[in-house]
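Letter by letter, the chains look like this.
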Amino acid sequence: MAKDTESVTEFGVTTRFDGKLICTGVLIISGKFNGTIESSGDLEISKSAECTVDTMSAKSVVVSGRVTGDIEGRERVELCKGSAVKGDIKTTNLRIADSVEFEGSVSMLEDEPEIDLFALGSEEFKQALVRKTSEVR
């Protein structure tokens with residue numbers, strides 16, 4: 001998941017963290033986490049990890065371990081084989097492997113619009129809608 005230019009932070013198997021974590025880059029959790037995670041980068045919950053969160057929010061979230069709480073992946077969420085999630089998921093793309101325990105609901109987020117429709121005049125708004133409709137067809 002990590003690119004060479006991104007910073008990687010890893011909470012090892014023996015690490016326990018309680019509180020609010022705000023980070024950039026790639027975050028890998030292999031130990032125990034209790035609290036809230038806000039990341040502008042990617043988040044990986046390893047097979048050995050146990051997380052209890054109010055929310056965990058990141059660009060992408062890959063879960064191989066256990067998560068209790070809500071997950072938001074702005075680009076994607078992936079639940080790997082053998083993982084367990086008890087909470088709601090919000091994302092634009094979702095992948096759930098076989099043999100996953102999942103209890104909760106899923107909300108599919110729409111991609112962010114390419115233009116700010118609220119900043120347009122009425123004629124520009126109409127033209128943007130026409131362009132968008134023709135792209136869908």
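Residues numbered from 1 in each chain as written. Predicted model: local features only at pLDDT ≥ 70, side-chain atom pairs only at ≥ 80, totals over all residues. Heavy atoms only, no water.

### Some details on the overall build of the protein
Then, in step 1: A tally of regular secondary structure across the protein gives 1 helix and 12 strands.
Then, in step 2: Counted from the first residue to the last, the protein has its helices and strands arranged as β-β-β-β-β-β-β-β-β-β-β-β-α.
Then, in step 3: Across the 137 residues that make up the protein, the buried fraction comes to 36%.
Then, in step 4: Working note: accessible area of the protein is about 8700 Å², and carbon and sulfur atoms make up 48% of it. (Helix = DSSP H or I, 4+ residues; strand = E, 2+ residues; numbered from the N terminus. Buried < 20%, exposed > 50% of the residue type's maximum accessible area, 1.4 Å probe, protein only. Areas by Shrake-Rupley, 256 points an atom, 1.4 Å probe, with all protein chains shown as cover.)

### Notes on the environment of valine 106
Then, in step 1: Counting through the fold element by element, valine 106 comes out in strand S12 (residues 106-108).
Then, in step 2: With relative accessibility at 36%, the residue valine 106 sits in the partly exposed group.
Then, in step 3: Placed 15 residues apart in sequence, valine 106 and threonine 91 show a C-alpha to C-alpha distance of 7.9 Å.
Then, in step 4: Look past the residues within four positions of valine 106 in its chain and what remains in contact with it is Ile89 and Leu94. (Contact = heavy atoms within 4.5 Å.)

### A few points about unusual backbone geometry
Then, in step 1: Unusually for a residue other than glycine, serine 99 sits at a positive phi of about 60°.
Then, in step 2: Checked against the element boundaries, serine 99 lands in the loop between strand S10 (94-96) and strand S11 (101-103).

### Quick notes on the pattern of salt bridges
Then, in step 1: Counted according to the given criterion, the structure contains 5 salt bridges.
Then, in step 2: Measuring nitrogen to oxygen at the nearest pair gives 3.3 Å for the salt bridge that ties glutamate 38 to lysine 20. In this pair, glutamate 38 sits in strand S4 (residues 32-39) while lysine 20 sits in strand S2 (residues 16-23), placing the two residues 18 residues apart along the sequence.
Then, in step 3: When the shortest N-O distance is used, the salt bridge between lysine 59 and aspartate 42 registers 4.0 Å. (Salt bridge = Lys/Arg side-chain N within 4 Å of Asp/Glu carboxyl O.)

### Quick word on a nonpolar patch on the surface
Then, in step 1: On the surface, Leu94, Ile96, Val106 and Met108 cluster together to form a nonpolar patch covering roughly 320 Å² of accessible area.
Then, in step 2: Of all elements in the fold, only S10 and S12 reach the threshold of two or more residues within the nonpolar patch. (Patch = residues over 30% accessible without salt bridge, like charges linked within 9 Å, V, L, I, M, F, W, Y side chains within 5 Å.)

### Describing the packing of aromatic side chains
Then, in step 1: Overall, the coordinates contain 2 aromatic pairs when judged by the stated rule.
Then, in step 2: Ring geometry for phenylalanine 11 against phenylalanine 17: centres 5.6 Å apart, planes inclined by 50°, an arrangement best described as tilted.
Then, in step 3: On the basis of relative accessible area, phenylalanine 17 is assigned to the partly exposed category, the value being 24%.
Then, in step 4: Centroid distance phenylalanine 17 to phenylalanine 33: 5.2 Å. Interplanar angle 10°. Geometry classified as stacked. Placement of phenylalanine 17 in strand S2 and of phenylalanine 33 in strand S4 is noted, with a sequence separation of 16 residues between them.
Then, in step 5: Joined through ring pairs, the aromatic side chains of Phe11, Phe17 and Phe33 make up one cluster. (Phe/Tyr/Trp six-rings, centres within 6.5 Å; stacked < 30°, edge-to-face > 60°.)

### A look at the side chain of aspartate 42
Then, in step 1: By secondary structure assignment, the location of aspartate 42 is in strand S5 (residues 42-45).
Then, in step 2: Residue aspartate 42 is classed as buried on the basis of its relative accessible area, which comes to 6%.
Then, in step 3: A distance of 2.7 Å separates a polar atom in the side chain of aspartate 42 from a polar atom in the side chain of serine 60. (Polar contact = N/O pair within 3.5 Å; in protein donor to acceptor, adjacent residues only side chain to side chain.)

### Concerning the environment of glycine 65
Then, in step 1: With respect to the helices and strands, the residue glycine 65 is situated in the loop between strand S6 (50-63) and strand S7 (66-79).
Then, in step 2: With 19 residues separating them along the chain, glycine 65 and serine 46 place their C-alpha atoms 5.3 Å apart.
Then, in step 3: The contacts of glycine 65, once residues within four sequence positions are left out, are Ile45, Ser46, Lys47, Ala49, Ser83 and Ala84.

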